Amino acid sequence: MLKNKAFVKKNRGGRVFKVVREHYLRDDIPCGATFCSSCDTSTANLVAADRLVVVDTNVVLHQMDLLENPAFRNVIILSVVLEEVKNKNLSAYNRLRNICANRSRQFFVFSNEHHRETYIKAMASESVNDRNDRAIRVATQWFQKHLGDACTVVLLTNDLDNRTKANAEGINVFSVDHFVQSLGKPELLDLVARSESENATPMEIEDSRPSKRKIIYSEHKPMSEITAGIHQGIYHQGKLRVNRYNPFQAYVGSESVGDEILVQGRLNMNRAFDGDVVVVELLPHESWQGDMTMIAEEEDGDGDERVGLAPDTSDEAAVNKADEASEKATTSGGSSRPNGRVIGIIKRNWRAYCGSLEPMTTPAGAGSVANALFVSADRRIPKIRIQTRQFGNLVDKRIVVSVDSWDLNSRYPSGHYVKTVGKIGDRNTESEVLLIENDINNRPFSDQVLACLPPLPWSVPAEALHDPHREDLRNLRVFSVDPIGCKDIDDALHCTLLPTGNYQVGVHIADVTSFVHPGTPLDIEARERGTSVYLVERRIDMLPKPLTEDVCSLRADVERFVFSVIWEMSSEADIISVRFTKGVIKSSAALSYVEAQARMDDSRMSDPLTTDLRNMNRLAKVLRQRRIERGALTLASPEVKFEIDTETHNPLDVGMYQVRESNHMVEEFMLLANISVAKKILSSFPVFSLLRRHPTPTPKMFEPLLKIASAVGIKLDITSSMTLANTLDLAVGDDPYFNKLIRILATRCMTQAVYFCSGELSPPEFQHYGLASAIYTHFTSPIRRYADVIVHRLLAAALDLEKLSPSLRDKSEVTKIADNLNYRHRNAQMAGRASVELHTLIFFRNRPTDADARIVQIRSNGLIVFVPKYGIEGPVFLVDKASKSSTNWIMNEEQQCANARDGSTKYKVLDSVKIRIQVVEPQPNRPKLELTLLA
């Protein structure tokens, strides 16, 4: 049966036109019940039971945690619901598809929109929502009629109007809460998400008296007023970024203001979460607050400035501004940074959060409902109020909680329990927590993904050696240099002296795209993961191990597919020519950085491979010096390396990571390959190339560095990367570590490098500040980064080796890919840092240690110190925490020094001090590192 569907559509040019589409209706679509006697049951998934459940769209959108629980079975997902969910929330849609794909869960997708008896037309003046609700009720009635007395078909909806109409039509209808209660499993009630209207009346944990439930937060402005205010320049839109080290302070980047707007305190954040797209109103200039001069202390267990891994960039550095909510900030006068308050939220960034319940008295009676406060492991997240019947079982556990709403009468947002991760303090539990908190996908690869892999054992097929698009490079003496124990080797090198006296130098990269084809489940999974994640004790791969450690790994003495960049260079490293080719190599050696360095340093060794290494290293030094002369920055970061027990996976030792000449050699040629490829793809695809840029830091970002440098008599010139690099070279002190410390502090002033689509920016914005390069991309690590996979496809298309998929010719699609890659790359970095912090805490547990530290900042009540050996940083209080004042010290923040009043001791910034590192437990099950000054 054929129906025509007509609708009006507007194109980008604003022209309105009518679209008519054919809509086929069938009467042979199966109902999905294995016990149905009239339908084809070959794809049926609903088993005989007392009840089958039909869910509406809002149940899927808001109760996904409940639907994912194994107790929910025999659920009918209508196609109208699936389509609505897809349009409204892609994350919920993907979660729902995953459930439906698991046949053991007995979820069945029924195409009600193509079934002759369940398809309905919209009535005159009927809204899309009302039409879809009616379609859901019609389908529910059809199922009940179709299956008869075999079972009861239930409609699940929290929409009061939909329930009223369903009751009038004789449909068995339940609210979610009522239905879950009927299951006889009280623990499932913890999973039920409550809407804002349902949360308007529960008692506050901090004061349960109804008379005390006053308005705490301001009402958000209506969208019409917000839109008008943005157009008039009264309001400003941007993404809220909460300070990772001070959760009572946030920033909103605003193009309309031309600066970041500072949002001080929970009241001014007005129920906004980190990552929310918000609308901000500027506060009167006279109320703008300046920098915090005190080390932040605990406030309800939220606001303490903890010891942790030293920050790498300005995005991670503790800015430590004032917090008006805590009333503990003392300010240094007016601030030039605009201050504002949130007056509306455009898009929520709520997700599942991992943490633990705040200790409290266990409620009397088994199964009693407890109003509890959840404290997230992510300090930027406010406490979340939940109701649970399992308090006694959860109080010492790490659990996952989702946010449902935040009423303006409530100090805290309301949420619901999702699942238990494990016992607090257990290493595996805490490792899982950091993955959840950073949205890292560590699920096993699905069967559909694994089905995309080539059969093992794999070897280069004979016909590939005769492929005109693939060059035979097996005659080259190729080698790889990687960390010790590396199995996923995705880059190799060669350096051959030519008869002319020039050198042929090649970078050979694993040809991953020969196995990861666009649009396949393997490609979709890699695109979503974005990058491999490196934790202290394990690696979470972007691609399955058969690819990363076998088929694509450039191991010694095996033939492998590569994508190569090959230069001819003079003996002075001048590039004479460059070419790109796909090829086949057979690596002659897989060396570690230590082994490569040992070969180069051993004068007794003169074999061809060692000679190649020395020649390549000499060329790399010339290339590196030229980069530095162009303004490339030589920065430093406090990287630490753990020795891990192979059985317990606990840290045995920790120390600074050593960088050798062999590291710099490999780095130099990888940088050169990335720059060469970037130029090539941009010349072929100027509008939709995927590139990487490093924005120039603003002068404000350099202020902490300049203040410290000035205090120790050093003048840094931040006019350009070249002037900064030159003045950093002159920043020397009495000891060799002084310059490295200045470079570490300079690194913190940097912004994060990001991926972008070339068509979205102008060429001057392409530059990579840190590398002093006008153009850059990522090509050299496709096993670990999806960005490199995209760049490989662009390069292959630029060389006419392959056709480029339509999606990569779409600027908006490339931008979406870049945005996801930036998000995934950032999360992977944060997960890696969190893993180091976790293992640092484990290492110092029951192991108090004395160490040398450097003062990196002086505050009005103490010092911020950095411990180079362990890469950690934190506060050391000189002033008594309780009194917040001192008669023993004179603190001079302007000159960055602290003097004892009796003249016995003087500290200034960058001084070396002795400190003790130990683990303390100020609250039960909440251990943390503490630094104390030794006499």
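In case you missed it, the structure is sitting above this.
Read on for an overview of the structure. None of these values were measured; they are calculated from a predicted model. (Residues numbered from 1 in each chain as written. Predicted model: local features only at pLDDT ≥ 70, side-chain atom pairs only at ≥ 80, totals over all residues. Heavy atoms only, no water.)

Counting its regular elements, the chain contains 22 helices and 39 strands. Burial status across the chain gives 52% buried among its 935 residues. In the chain, 68% of the contacts between residues at least 6 apart in sequence involve partners at least 24 apart. By element, 50% of the accessible surface of the chain is carried by carbon and sulfur atoms, the whole surface being about 41,800 Å². (Helix = DSSP H or I, 4+ residues; strand = E, 2+ residues; numbered from the N terminus. Buried < 20%, exposed > 50% of the residue type's maximum accessible area, 1.4 Å probe, protein only. Contact = heavy atoms within 4.5 Å. Areas by Shrake-Rupley, 256 points an atom, 1.4 Å probe, with all protein chains shown as cover.)

Below, the discussion takes up the pairing of strand 10 (residues 259–264). In terms of strand pairing, strand 9 (residues 249–254) meets strand 10 through 6 bridges, oriented antiparallel. Of the residues in strand 10, the one forming a bridge with Y251 is L262. Here strand 9 folds back onto strand 10, and the loop between the two strands holds 4 residues, one of which, G258, carries a positive phi near 80°. (Pairing = 2+ DSSP bridges.)

The next subject is helix 4 (residues 90–101). Spanning 12 residues, helix 4 covers 16 Å between terminal C-alpha atoms, matching the ideal 16 Å at 1.5 Å per step. Considered for burial, the residues of helix 4 that qualify are A92, Y93, L96, I99 and C100. Down the axis of helix 4, the sector holding all buried residues measures 120°, keeping them to one side. Relative to its buried face, helix 4 has exposed residues pointing more than 90 degrees away, namely L90 and A101. (Expected span 1.5 Å × (residues − 1). Arc of directions from axis to C-beta.)

In this section: the packing of helix 15 (residues 593–601) against helix 16 (residues 608–630). Their axes nearest at 9 Å, the elements helix 15 and helix 16 cross at an angle of 95°. Comparing the axis directions of helix 15 and helix 16 gives the class roughly perpendicular. Contact with helix 15, carried on its side by A596, R599 and M600, involves L609, T610, L613, R614 and N617 of helix 16 and no other residues of that element. Here the residues of the contact of helix 15 with helix 16 sort into 4 nonpolar, 2 polar and 2 charged. (Axes fitted to C-alpha atoms, helices over the stretch in contact; angles between N-to-C directions. Parallel < 35°, antiparallel > 145°, perpendicular 65-115°, else oblique. Nonpolar A, V, L, I, M, F, W, Y, C, P; charged D, E, K, R; others polar.)

We now examine the nonpolar core. Among the nonpolar cores identified, the biggest contains 88 residues, and V505, W567, F669 and L690 are the most heavily contacted of them. Ignoring sequence-local partners within four residues, the contact set of W567 consists of Y503, Q504, V505, V507, I575, S577, V578, F669, L672, A673 and S676. Ranked by size, the runner-up nonpolar core spans 72 residues in total, among them C31, L52, A139 and I381. (Core = buried A, V, L, I, M, F, W, Y, C linked by side-chain atoms within 4.5 Å.)

Before going further, it helps to spend a moment on the environment of I171. When you line up the elements, I171 lands in the loop between helix 6 (160–168) and strand 7 (172–174). Residue classification places I171 among the buried residues on the basis of a relative accessible area of 7%. As a C-alpha pair, I171 and T140 span 31 residues in sequence and 7.5 Å in three-dimensional space. For I171, the residues in contact, after removing those within four places along its chain, are R137, T140, Q141, L155 and A166.

As far as function goes, none of this settles anything; it's purely spatial.
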